[in-house]
Amino acid sequence: MSTHLNTVFRILGPILAISTYFFCKGSVGMEHAPAMTAAVTILCAVWWCTEAVPIPVTSIIPFAVFPLAGVLDHKILAGALGDKFVLLFMGGFMLSKAAEKSKAHLRVAQGMIKLVGTQSNRRIIIGFMLATAFCSMWISNTATALIMLPVAMAVIDRTGSDRRFAVSLLLAIAYGASIGGMSTIIGTPPNGVFAGIYEKTTHIPVDFVSWLKIGVPVSVLMLIACGVVLTIFVKGGGNYTQEALGPWTPGQRRVTFVLGLTALLWITRKLPFGLGGWSKWLDMPMAQDATVALLMVIVMFLIPNGLKDEKGKRDHLLDWKTARDIPWGILLLFAGGIAIAKAFGSSGLAAVIGQQMEQLTDGMSPLMIIAIICLTVTFMTEVTSNTATTTLLMPILAASAVAAGVEPSMLMIPAALSASCAFMLPVATPPNAIVFGGSDHITIPQMVRHGVVLNLIGVIVVTAVCYFVLDPQKGLGIQHEPTPAVQVDQTSNK
C-alpha cells in the first residue's frame with residue numbers, strides 16, 4: 001500500500017469509528033457500552049483489513065480503549081491475554097521452532113515424498129503437497145513453505161522439467177501449507193481464533209481431538225481436489241532422486257520423539273465413547289491442550305541435543321534465542337479478538353446484532369447461510385489478512401447464531417475454515433507470497449487460474465462438510481465437563 005493511501009486509512013478509521021458511535025447512540029438508540037464496542041470494532045476492522053497500522057498494534061486498541069470508555073476493566077481484559085488458546089499457540093509456535101532448529105521436519109517431509117514415489121512428475125507434485133500439508137499440521141504454514149521452497153527449487157533445477165511442472169510443484173507447496181493447517185486446531189491461526197471466541201460464547205472448550213472431526217475431512221477432500229487440479233495436465237518425469245540427508249542426528253530423533261509424545265498427549269487427553277482419557281484417569285481435570293504444549297516446551301529446553309553451542313556449552317533441543325523468535329504479533333491478534341468478543345457479550349452488542357441478523361436470514365435454509373458465509377470469507381481473505389478477518393467476524397457470527405437459535409459453531413467453523421481457502425493471489429496467504437516471490441516460475445495469472453478453481457471447490461467442500469458433520473443444536477458434539485473451581489481459603493485473607 002502506498003504511503004498516501006496508508007495515511008488515508010489511518011485517518012478514515014477513527015472517523016468511521018466516531019461516526020459509528022454517534023449513529024448507534026442517536027439513530028439506533030444504543031447505550032454507551034454497546035455503541036463504544038461497535039466503534040472500536042469498526043476501527044479495528046478498518047486498520048486490520050487495510051494494515052494502515054501494523055496488525056499487532058491495532059490488536060492492542062481494545063486493551064487501551066475499553067477500560068477508558070468503561071466497557072471492560074483490566075481484570076477481565078487480562079484474561080484475554082492469558083487465554084488458554086493464546087498459550088496453546090505460544091507453546092505450539094515454540095515447539096515448531098525446535099523442529100526447525102533440528103531440521104527434523106525435513107526428515108518427515110522426505111519420508112512422505114519417498115512414500116508417494118518419484119517415478120513421475122505427478123507423483124513428485126503430490127509427494128511435495130502431502131509432505132508440506134503434514135508438516136503444516138504441526139508447524140506454521142509460513143515456516144513450512146519457507147523450508148520446502150528451496151527443496152522444490154532444487155528439484156526443478158535438477159530435473160530440467162517444463163514450466164507447467166514447475167508451476168504445479170511450487171503451487172503444491174503454497175496450497176499444501178494452507179490446506180494442511182486446516183486439519184488441526186494449532187495448524188493455522190484462524191482455527192485458534194474460532195476456538196477461543198467459541199468458548200467465550202458457549203463456555204464449551206474445543207480440544208485437539210474435537211477439531212479433528214471437522215478439520216481432517218475438509219483437509220483430505222481439499223488435498224484430493226488440489227492434487228487433481230495441479231496434476232491433471234502434467235506429464236512425464238521420473239528422473240528425480242532424493243538427496244541423501246545422512247544419518248539421523250541425536251537432536252532430530254529426540255525432537256521427533258517429543259513432538260510425537262505431544263501429539264499423543266493431545267489426542268488421549270479426552271477420549272470419546274466414555275473412555276475418559278489421561279486427564280480423567282490421573283484426576284487432572286484442569287489440564288488442557290495448552291498445558292501439554294507448555295510442558296513439552298519446558299522438556300525441549302531440558303533435553304540436550306548432543307551438540308555444543310557457540311560458547312562451547314552443551315546445547316539443547318530448544319534455546320531461548322530460538323524460542324523467542326515466534327510470531328508474537330499473532331498472539332496479540334488472538335488476544336485482541338477475544339477482548340472484542342468479551343465486550344460484545346458484556347455490553348449487549350451481541351444481542352442487538354443477533355436480532356438484526358435474525359431478521360436478515362429469516363426464511364433462509366442453514367445450507368444457504370453456510371454457503372454464503374463460505375463464499376464471502378473465501379474471497380474476502382484474498383485481499384485481507386485471514387487471521388484478522390476471522391477475528392473480526394467470529395463475535396458477529398456467534399451473536400447471529402445465538403439469536404437464530406442454532407449452535408454457534410454452525411456459522412463460525414465455516415468462516416474459520418474458509419479463511420484458509422484463499423488460493424488466488426500472492427497477498428492472500430504467506431505461503432502464496434513465499435512461492436510467488438521466491439521464484440520466477442509463477443505469474444499472477446497462473447496462480448489465479450489454479451486458485452479460482454480451488455476457491456470454488458473450497459466453498460463447496462467446506463459448506464458440505466460443515467452441513468453434514470455439524471449438528472445444528474450440538475455443533476461438534478463435544479461432551480463438556482465443567483472445570484472445577486479453585487477453592488480459596490478466605491480466612492487467611494486478613
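Given the structure is predicted, the values throughout are model-derived calculations rather than measurements.

Just checking my understanding: could you explain the overall build of the protein chain for this structure?
When you go through the protein chain residue by residue, the secondary structure sums to 22 helices and two strands. Against the compact-globule benchmark of 23 Å for 494 residues, the protein chain has a radius of gyration of 23 Å, which places it among compact chains. C-alpha extents for the protein chain along the principal axes are approximately 70 × 60 × 50 Å. Classification of the 494 residues of the protein chain by burial places 52% in the buried group. A separation threshold of at least 6 residues defines the contact pool for the protein chain, and within that pool the share at least 24 residues apart is 75%. Element-wise, carbon and sulfur atoms account for 67% of the exposed surface of the protein chain, whose accessible area totals about 21,900 Å².

I keep staring at the packing of helix H2 (residues 32–50) against helix H3 (residues 55–69) and nothing clicks. Help me out?
Between two packed helices, the angle of one axis relative to the other and the distance separating the axes together describe the packing. For the pair H2 and H3, the least separation of the axes is 10 Å and the interaxial angle reads 165°. In this view, H2 runs roughly antiparallel relative to H3, as classed from their interaxial angle. The handedness of the crossing between H2 and H3 is right-handed. For the pair H2 and H3, the contacting residues are His32, Met36, Thr37, Val40, Leu43, Cys44, Trp47 and Trp48 in the first and Ile55, Thr58, Ser59, Ile61, Pro62, Val65, Phe66 and Ala69 in the second. Taken together, the residues of the contact of H2 with H3 break down into 12 nonpolar, four polar and no charged.

What am I meant to see in the state of the cysteines here?
Where two cysteines share a covalent bond between their sulfur atoms, that bond is called a disulfide. All told, the structure shown has zero disulfides when counted by the stated rule. Distance from the sulfur of Cys226, which forms no disulfide, to the nearest cysteine sulfur (Cys421) is 11 Å. When its relative accessible area of 0% is taken as the criterion, Cys226 is described as buried.

Can you walk me through the pattern of salt bridges in this structure?
Side-chain pairs of opposite charge can arise whenever the charged atoms involved come near each other. On inspection of all chains with the given rule, the structure shows seven salt bridges. The partner of Glu100 in a salt bridge is Lys97, with the nearest N and O atoms 3.8 Å apart. On the criterion of helical spacing, the pair formed by Glu100 and Lys97 is a turn pair, its members being three residues apart in helix H5 (residues 84–102). For Glu100, a relative accessible area of 23% corresponds to the partly exposed category. Judged by its relative accessible area of 15%, Lys97 falls in the buried class. Of the charged contacts in the structure, one is a salt bridge between Asp315 and Lys101, with a shortest N-O distance of 3.1 Å. On the criterion of sequence distance, the pair formed by Asp315 in strand S2 (residues 314–316) and Lys101 in helix H5 is long-range, its members being 214 residues apart.

Explanation requested: the side chain of Asp207 in the structure shown.
Considering the arrangement of structural elements, one finds Asp207 in the loop between helix H10 (189–202) and helix H11 (208–231). Since its relative accessible area comes to 7%, Asp207 is described here as buried. From its side chain, Asp207 meets the backbone nitrogen of Val209 in a polar contact 3.2 Å long. Here the side chain of Asp207 touches Ser210 through a polar contact of 2.7 Å, landing on its backbone nitrogen. Excluding its chain neighbours within four sequence positions, the residues that come into contact with Asp207 are Arg269, Lys270 and Asp289.

I would appreciate a short explanation of unusual backbone geometry in the present structure.
Leave glycine aside and you will find that most residues have negative phi; peptide bonds, for their part, are mostly trans. Positive phi, close to 65°, is recorded for Lys103, a residue that is not glycine. Topologically, Lys103 is positioned in the loop between H5 and helix H6 (104–116). You can call Lys103 partly exposed: its relative accessible area is 47%. The residue Asp283 is not glycine, and still its phi comes out positive at about 55°. Within the fold, Asp283 resides in the loop between helix H13 (278–281) and helix H14 (289–302). By relative accessible area, Asp283 is classed as exposed at 64%.

In this structure, what is going on with the packing of aromatic side chains? I would like to understand it.
Using the criterion set out here, one finds 10 aromatic pairs in the structure. Here Phe89 and Phe93 contribute two aromatic rings whose centre-to-centre distance is 5.8 Å and whose plane-to-plane angle is 70°, an arrangement assigned as edge-to-face. With a gap of four residues between them, Phe89 and Phe93 both fall in helix H5, about one helical turn apart. Grouping residues by exposure puts Phe89 and Phe93 together as buried.

Conventions and cut-offs
- Residues numbered from 1 in each chain as written.
- Predicted model: local features only at pLDDT ≥ 70, side-chain atom pairs only at ≥ 80, totals over all residues.
- Heavy atoms only, no water.
- Helix = DSSP H or I, 4+ residues; strand = E, 2+ residues; numbered from the N terminus.
- Rg over C-alpha atoms; globule rule 2.2 N^0.38 Å.
- Buried < 20%, exposed > 50% of the residue type's maximum accessible area, 1.4 Å probe, protein only.
- Contact = heavy atoms within 4.5 Å.
- Areas by Shrake-Rupley, 256 points an atom, 1.4 Å probe, with all protein chains shown as cover.
- Axes fitted to C-alpha atoms, helices over the stretch in contact; angles between N-to-C directions.
- Parallel < 35°, antiparallel > 145°, perpendicular 65-115°, else oblique.
- Left-handed = near helix turned anticlockwise from the far one by under 90°.
- Nonpolar A, V, L, I, M, F, W, Y, C, P; charged D, E, K, R; others polar.
- Disulfide = S-S within 2.5 Å.
- Salt bridge = Lys/Arg side-chain N within 4 Å of Asp/Glu carboxyl O.
- Polar contact = N/O pair within 3.5 Å; in protein donor to acceptor, adjacent residues only side chain to side chain.
- Phe/Tyr/Trp six-rings, centres within 6.5 Å; stacked < 30°, edge-to-face > 60°.

Note that every value here comes from positions in space, so none of it alone points to a role or purpose.
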